[in-house]
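# Observations on chain architecture
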Amino acid sequence: MRLILLEVCAGITALLFLVMLAGIARHRAQRRFEGANNATAMSEYLWAVVPWVMLTACALPAVRLIVAGQ
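If you're wondering where the values come from, they're calculated on a predicted model, not measured in any experiment.

## Observations concerning the overall build of the protein chain
Assigned secondary structure in the protein chain consists of two helices and zero strands. For the protein chain, the residues scored as buried account for 10% of the 70 residues in total. With an accessible surface of roughly 5700 Å², the protein chain has 73% of that area assigned to carbon and sulfur atoms.

## Examining a nonpolar patch on the surface
On the surface, a nonpolar cluster with roughly 370 Å² of combined accessible area is contributed by Ile-4, Val-8, Ile-12 and Leu-16. Its place among the elements puts Ile-4 in helix α1 (residues 2-34).

## Digging into helix α2 (residues 41-68)
Helical periodicity: at 3.6 residues per turn, an α-helix aligns residues three or four positions apart in one direction. With 28 residues, α2 extends 39 Å between its outermost C-alpha atoms, agreeing within 8% with the 40 Å of an ideal straight helix rising 1.5 Å per residue. Remark: the principal bend of α2, roughly 40 degrees, maps to Ala-59, with a proline, Pro-61, within the next four residues. Among all positions of α2, only Glu-44, Ala-48 and Trp-52 are buried.

## What about the packing of aromatic side chains?
By the definition in use, this model includes one aromatic pair. Residues Phe-17 and Trp-52 carry aromatic rings whose centres are separated by 5.5 Å and whose planes lie at 75 degrees to one another, so their mutual orientation is edge-to-face. With a gap of 35 residues between them, Phe-17 in helix α1 and Trp-52 in helix α2 connect regions that are remote in the sequence.

## Notes on the environment of Ala-48
Structurally, the position occupied by Ala-48 is in helix α2. Overall, Ala-48 belongs to the buried group, its relative accessible area being 8%. Considering only alpha carbons, one finds Ala-48 and Leu-21, 27 residues apart in sequence, at a separation of 7.6 Å.

Reading the values: the criteria
- Residues numbered from 1 in each chain as written.
- Predicted model: local features only at pLDDT ≥ 70, side-chain atom pairs only at ≥ 80, totals over all residues.
- Heavy atoms only, no water.
- Helix = DSSP H or I, 4+ residues; strand = E, 2+ residues; numbered from the N terminus.
- Buried < 20%, exposed > 50% of the residue type's maximum accessible area, 1.4 Å probe, protein only.
- Areas by Shrake-Rupley, 256 points an atom, 1.4 Å probe, with all protein chains shown as cover.
- Patch = residues over 30% accessible without salt bridge, like charges linked within 9 Å, V, L, I, M, F, W, Y side chains within 5 Å.
- Salt bridge = Lys/Arg side-chain N within 4 Å of Asp/Glu carboxyl O.
- Expected span 1.5 Å × (residues − 1).
- Bend = angle between axes of the 7 residues up to and from the residue.
- Phe/Tyr/Trp six-rings, centres within 6.5 Å; stacked < 30°, edge-to-face > 60°.

Written as structure tokens, this is what we have:
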């Protein structure tokens, strides 16, 4: 049961991450038409990835305990 819940949480997290990246891409496309291009796309995507990496690093020990408990 724990493993199923863990998989559901991982799926929701992946979906949220993809929606966030799609939102950034859409926002960049809208700004391109307005002529404002202050930051590069790579820096925006990297700054979007940093919190997710931190969240993953914090959750990894708990995930290992859940998987080891099965």
